[in-house]
Amino acid sequence: MNDDVRNIVLGVMATAISGGFGWFSRTYLWRRALRRKQAFFGLPTGSDCLFVVNRQMGGTDSSLHRNDAFALLEISALIKDCGANVQIVTHDGARQGFGERAEFCVGGPASNTRTTAHLTSMLPGVQVDVGLASGHPDRGAIRIGEERYRWEKGMVEYVLLARLTTRHGSRPVFLLSGQTANSNQAAARYLAKHHVRLARKYGRESFCLLLKVINSDAYGPDVTELVADVTGPARTPAAAAG
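Procedures and definitions
Residues numbered from 1 in each chain as written. Predicted model: local features only at pLDDT ≥ 70, side-chain atom pairs only at ≥ 80, totals over all residues. Heavy atoms only, no water. Helix = DSSP H or I, 4+ residues; strand = E, 2+ residues; numbered from the N terminus. Buried < 20%, exposed > 50% of the residue type's maximum accessible area, 1.4 Å probe, protein only. Contact = heavy atoms within 4.5 Å. Areas by Shrake-Rupley, 256 points an atom, 1.4 Å probe, with all protein chains shown as cover. Core = buried A, V, L, I, M, F, W, Y, C linked by side-chain atoms within 4.5 Å. 1 Å grid on protein atoms, 1.4 Å probe; cavity = no way out; pocket = protein on both sides within 12 Å on 5 of 7 lines; lining within 4 Å. Points joined across faces, edges and corners; volume = space filled by probe spheres on them. Nonpolar A, V, L, I, M, F, W, Y, C, P; charged D, E, K, R; others polar. Pairing = 2+ DSSP bridges. Axes fitted to C-alpha atoms, helices over the stretch in contact; angles between N-to-C directions. Phe/Tyr/Trp six-rings, centres within 6.5 Å; stacked < 30°, edge-to-face > 60°. Salt bridge = Lys/Arg side-chain N within 4 Å of Asp/Glu carboxyl O.

A.B. asks: Tell me about the overall build of the protein chain, residues and numbers included.
C.D. replies: Counting its regular elements, the protein chain contains 7 helices and 10 strands. Across the 242 residues that make up the protein chain, the buried fraction comes to 42%. In the protein chain, the proportion of contacts linking residues at least 24 apart, taken out of those at least 6 apart, comes to 64%. Carbon and sulfur atoms form 54% of the exposed surface of the protein chain, whose accessible area is close to 12900 Å².

Here it is in structure tokens:
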């Protein structure tokens, strides 16, 4: 074997080894990222989860607002990436305990009775003023401790994005409780965009974030900012928080 042939063989071997190492590295990193995503969402491959939909305000009990349907699409992509299956149920048809299966619950307590149950059980420091008359400035306001976050139609909307867990089950509940359907979609989009950062920060622990949607008449759900991590006050019963 002369020098030219030997150099060619060595070059081919080096290319094959380099390509194989690169493929192995990419595969390893992809699988590690997938495992972290599955752990954060509680969605191992082949598992089942619930998507609990609310009812459209002013519509029939079975109607769903267009923006809530878009929220479903945003989250469905995450579920598909994890290799899990989703079952869609209405808020008054969900009959499972907490932590049995991963759950995505969308809509505020005015349109989703399961959200009301989750807030009462897991986030007792959150109060939503849903019983006030139409036109009242505090209607739909979210109260956390001594702070009150009012909805300004078309200008400012607030939404809670929470990951809730208990010692009784291994699967989390993701709660997207907004003042409007637009803010529900904004929370779903925020979760889809920032889930890697959230997983790094919180791991498998519970958290509750307050998000603000800005100028929704012009920008829809696209301009959303984090107001605060309200996990502590949200989990403190309202009577004690005052």
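A.B. asks: With reference to specific residues and values, describe the nonpolar core.
C.D. replies: Note that soluble globular proteins tend to have their nonpolar side chains buried in a common cluster. Core analysis: the largest hydrophobic core is formed by 29 residues, its most contacted members being Phe-41, Leu-43, Phe-104, Leu-176 and Leu-191. Among the secondary structure elements, those contributing two or more residues to this core are α1 (3–41), β1 (48–53), α2 (66–81), β3 (102–106), β7 (156–166), β8 (169–178), α4 (181–202) and β9 (207–214). Element by element, the count of residues in this core is highest for α4, at 6 residues. In this structure, Leu-191 is in contact with Phe-40, Phe-41, Leu-78, Phe-104, Leu-161, Phe-174 and Leu-198, ignoring residues within four places of it in sequence. Leu-123, Ile-142, Tyr-158 and Leu-210 belong to the second largest nonpolar core, which has 22 residues in total.

A.B. asks: I'd like a description of the layout of surface pockets, backed by residues and values.
C.D. replies: A volume near 250 Å³ is recorded for the second largest pocket. Surrounding the second largest pocket, 13 residues form its lining, Ala-33, Arg-36, Lys-37, Val-196 and Ala-199 being those nearest its centre. Contributing elements (two or more residues each) for the lining of the second largest pocket: α1 and α4. Taken together, the residues that form the lining of the second largest pocket break down as 6 nonpolar, 2 polar and 5 charged.

A.B. asks: Tell me what's going on with the sheet that holds strand β4 (residues 126–128), and back it up with residues and numbers.
C.D. replies: Strand order across the open sheet formed by 3 strands is β4-β5-β6, with antiparallel pairing between neighbours. Each edge of the open sheet carries a strand with a single partner, namely β4 and β6 (147–149). Each strand axis lies, on average, 20° off the axis of its neighbour in the sheet, ignoring direction. Pairing of β4 with strand β5 (residues 142–144) involves 3 bridges; the strand directions are antiparallel. From the neighbouring strand, Val-128 faces β5, where its bridge partner is Ile-142.

A.B. asks: Account for the packing of aromatic side chains, naming residues and giving values.
C.D. replies: For the coordinates displayed, the defined rule picks out 8 aromatic pairs. Ring-pair connections join several aromatic residues into one group, and the members of that group are Phe-40, Phe-41, Phe-104, Phe-174, Tyr-202 and Phe-207.

A.B. asks: Provide a residue-level description of the pattern of salt bridges, including the pertinent values.
C.D. replies: Side chains that differ in sign of charge can pair as their charged atoms come close. Inspection of the entire model under this criterion finds 7 salt bridges. Between Asp-129 and Arg-143 there is a salt bridge, and its shortest N-O distance comes to 3.2 Å. You can see Asp-129 sitting in the loop between β4 and β5 and its partner Arg-143 sitting in strand β5, a full 14 residues away along the chain. According to the relative accessible area criterion, Arg-143 is partly exposed, its value standing at 29%. Between Arg-189 and Asp-222 there is a salt bridge, and its shortest N-O distance comes to 2.2 Å. Of this pair, Arg-189 sits in helix α4 while Asp-222 sits in the loop between α5 (216–219) and β10 (224–229); the two residues are 33 residues apart in sequence, bridging distant segments of the chain.

A.B. asks: Can you lay out the pairing of β1 for me, pointing to particular residues and giving the numbers?
C.D. replies: For β1, the tally of buried residues reaches 5 of 6 residues, placing the bulk of the element in the interior. Direction of pairing for β1 relative to strand β2 (residues 85–90): parallel, over a ladder of 6 bridges. Its bridge partner being in β2, Asp-48 is matched across the sheet by Asn-85. In this sheet, β3 lies alongside β1 in parallel orientation, the contact comprising 4 bridges. Within β3, the position partnered with Val-52 by the bridge is Cys-105.

A.B. asks: Before we move on, can you summarise the side chain of Gln-38 with the specific residues and values?
C.D. replies: Within the secondary structure, Gln-38 sits in helix α1. You can call Gln-38 buried: its relative accessible area is 12%. Discounting residues that sit within four places of it in the chain, Gln-38 has contacts with Leu-43, Pro-44, Thr-45 and Cys-82.

A.B. asks: I'd love a proper account of the pairing of β3, names of residues and values included.
C.D. replies: The side chains of a regular strand alternate between both faces of the sheet. The buried count for β3 comes to 5 of 5 residues, which makes it a mostly enclosed element. The two faces of β3 match: Ala-102, Phe-104 and Val-106 on one face and Glu-103 and Cys-105 on the other face are all buried.

Functional significance is not addressed by these values, which are geometric in nature.
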